[in-house]
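Topology and contacts: notes
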Amino acid sequence: MATHLIFAEHEHNTLKRSTLSAISAAKKIGGDIYGVVLGHGAKKVADELAQYCSKVHLCDHEGLAHRLAQPYAKIVSDVAKFSGASHLWAAATVAGKDLFPRVAIRLNAGMASDIQSVINESSFIRPVWAGDLISEIELLTPIKVITVRVSEFAPCDKNSTSGQVIPFDVSLGSSHMRFVSFDAVSSSRPELSDASIVIAGGRGLKGPEGFKELIEPLADRLGAAIGASRAVCDAGWVPNDWQVGQTGKVVAPKLYIAIGISGAIQHVAGMKGSKVIVAINKDPEAPIFQIADYGLVADAFKAVPELIESLSRL
Amino acid sequence: MKILVTVKRVTDYEAKLKVSLDGSDIIREGVNMIMNPFDEIAVEEALRLQEKHGGEIVVLSIGNKDSETQMRAAMAMGVDRGILVETNLNISQHLDSSFAAKIIHKIIVKEAPDLVLMGKQSIDDDNHQTAEMVAELWGVGQASQANTVTIKGREAIVIREADGGLETLSIDLPCVISADLRLNEPRYAPLPGIMKAKKKPLDFIQLGDLGIEHKQQVKLNRLVHPVSRKSGQRVSSVTELMTKLKNEAKVI
């Protein structure tokens, strides 16, 4: 039977919800679900995780106060060996992507990144070519290392009884990296990659003012994140990290509203996994309409204020 | 300072791709190939570091002879020389990330660079694994998804794109850094650079000669096109759009 080890991500001493999506993915296979928490003074996180797992290995050490890939990889693989894990799971967040390839090497394990569904205990479905194609891959190794696309797995529910929290005897390896600082993005808007609504703008907005006057108020009204086409990022109208597309961020929100975006392949690759796509564009021939669930041929400067207005009446 | 930078030949992000009949690969005939965009950013960063600190830049690629085109492109940007680990294996099918990482590590042991710069992922397989795997095999520190790189003595100060903000790390050299989108904007190769690139040294090494033991860990069983989206409906007004989003799609 499979034994799953879930890597817990946490922040400000609170378990991140993305970890619960990783557990949901593991549950598709069945077997024991164990958790592993690394940190310093992280008992509270371990207790929280124990509500979802039958056992939690708590690795509490001052050398683990910051999430650094090199020391973390050693400890996670130590715990994996100790617990006899057959599957290791993490959310495909920046942290999961940074850490798990190193863990896979240490365990001589095949790795599946950013999976969107589970076929069986060794086969998974994951997007390739920025979601242009889908691949079915099989991990041929006894131990399997997997990261999970959070938007594809709903967070799991709590178990009826809490599992045990077991302190793990940490022995740090050598580390050549040190944490210096963290600058949190001070934005009241959700993060682009895990927002449930994304409002994206393109050339049709005519300039940075178009974003200020139309996209930002609409996004704030809907509690949405803001995205943009490559063209407007390259033109410097908006920050580069707003870019949605093959060379930018890949998003899959519940609702994606593309405003003044023509729909170049590059852009579409980054957003076509969205549940519902709305396109507003002046040009009735714009390719974005071919993939939009709802298309409105209209001038953004007229339609968006109307949209904000009618939202405020909801 | 000696920098090793890796480059992968990938399909153009503008290309319309079709899966072959048996689902084992894409149809590659007639598809334009480019340097992986994240690798291009890594090459640019190597050049900028060389401008500040001097030293040599070596570009490394794994693939068939065609990869020479992308390596010459890196040389045209300014890279000094290249190493192509030649293989006719279909990379998507038979060369999993850990195999690629072992190959790169083998070359690292030979070349002993101070820094290895790589793209954070290739835009075909989208694995985002190799750079981190190389760092682990090499037993060094890493900064993935770099936004800013500064070298101070034997230390790299790297600002990286993290969830919800920017994280700054200090890492001992040698180390592995993977490039994210915002790290820089790659230069266009100048015409004299393109001329010079043709004459820069490029070593061909046969994969078999590296003596790497690797049992395939990840197997590609099938490629498919995602269920294509139904071409949706046109709405005639904002009011109609709102009604549909509320009552039909139930997303607001």
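Owing to the predicted nature of the structure, the values given are computational and were not obtained by experimental measurement.

**Overview of the overall build of chain A**
- Within chain A, the regular secondary structure consists of eight helices and 18 strands.
- The globule rule puts the C-alpha radius of gyration for 314 residues at 20 Å, and the 22 Å found for chain A is close to it.
- The proportion of buried residues among the 314 residues of chain A is 59%.
- Summarising the internal contacts of chain A: among those between residues at least 6 apart in sequence, 64% fall at separations of at least 24.

**Overview of the interface of chain B and chain A**
- Chain B puts 66 residues into the contact, and the matching count from chain A is 70 residues.
- For the side of chain B that touches chain A, the secondary structure elements donating two or more residues are α4 (97-111), α5 (130-138), β7 (141-152), β8 (155-162), β9 (165-172), β12 (218-224), β13 (233-235) and α7 (238-248) of chain B.
- Of all the elements, β9(B) adds the most residues to the side of chain B that touches chain A, at eight residues.
- Grouping the amino acids of the side of chain B that touches chain A by side-chain chemistry returns 27 nonpolar, 21 polar and 18 charged.
- One ladder, built from seven bridges, connects strand β13 (residues 177-184) of chain A with β9(B); its direction is antiparallel. In the strand pairing of β9(B), A:M177 is matched with B:I171.

**Examining the confidence of the model for chain B**
- Taken over all residues, the pLDDT of chain B has a mean of 95, while the share at 70 or more is 100%.
- Predicted as a complex, the structure gets a pTM of 0.92 and an ipTM equal to 0.95.

**Structural notes on the sheet that holds strand β10 (residues 175-179) of chain B**
- On the basis of which strands lie adjacent, the open sheet formed by 10 strands has the order β13(A)-β9(B)-β8(B)-β7(B)-β10(B)-β6(B)-β1(B)-β4(B)-β5(B)-β11(B) and mixed pairing. Two strands lie at the open edges of the sheet, namely β13 of chain A together with β11 (202-206) of chain B, each paired on one side alone. The mean inter-strand angle of the sheet, taken between neighbouring strand axes irrespective of direction, is 30 degrees.
- The pairing of strand β5 (residues 81-86) of chain B with β11(B) spans five bridges and is parallel. The residue of β11(B) that forms the bridge with B:G82 is B:L202.
- Seen against the sheet, helix α2 (residues 68-77) of chain B touches β4 (56-63), β5 and β11 of chain B and runs at an angle of roughly 165 degrees to β4(B).

**As for the pairing of strand β5 (residues 55-60) of chain A**
Residues and elements named next belong to chain A.
- Summarising the sheet, strand β4 (residues 32-39) and β5 pair through six bridges and their orientation is parallel. Counted as the bridge partner of G35 is V56 from β5.
- The β-α-β motif built from β4, the intervening helix α2 (residues 43-50) and the parallel element β5 has right-handed crossover chirality.
- Direction of pairing for β5 relative to strand β12 (residues 164-167): parallel, over a ladder of four bridges. Within the sheet, the bridge partner assigned to V56 lies in β12 and is V165.

Rules used throughout
Residues numbered from 1 in each chain as written. Chains lettered and ligands numbered in written order. Predicted model: local features only at pLDDT ≥ 70, side-chain atom pairs only at ≥ 80, totals over all residues. Helix = DSSP H or I, 4+ residues; strand = E, 2+ residues; numbered from the N terminus. Rg over C-alpha atoms; globule rule 2.2 N^0.38 Å. Buried ≥ 20, exposed ≤ 12 C-beta atoms within 10 Å, placed from the backbone. Contact = placed C-beta atoms within 7 Å. Nonpolar A, V, L, I, M, F, W, Y, C, P; charged D, E, K, R; others polar. Pairing = 2+ DSSP bridges. pLDDT = per-residue confidence, 0-100. Axes fitted to C-alpha atoms, helices over the stretch in contact; angles between N-to-C directions. Right-handed = clockwise from strand over helix to strand, strands pointing away.

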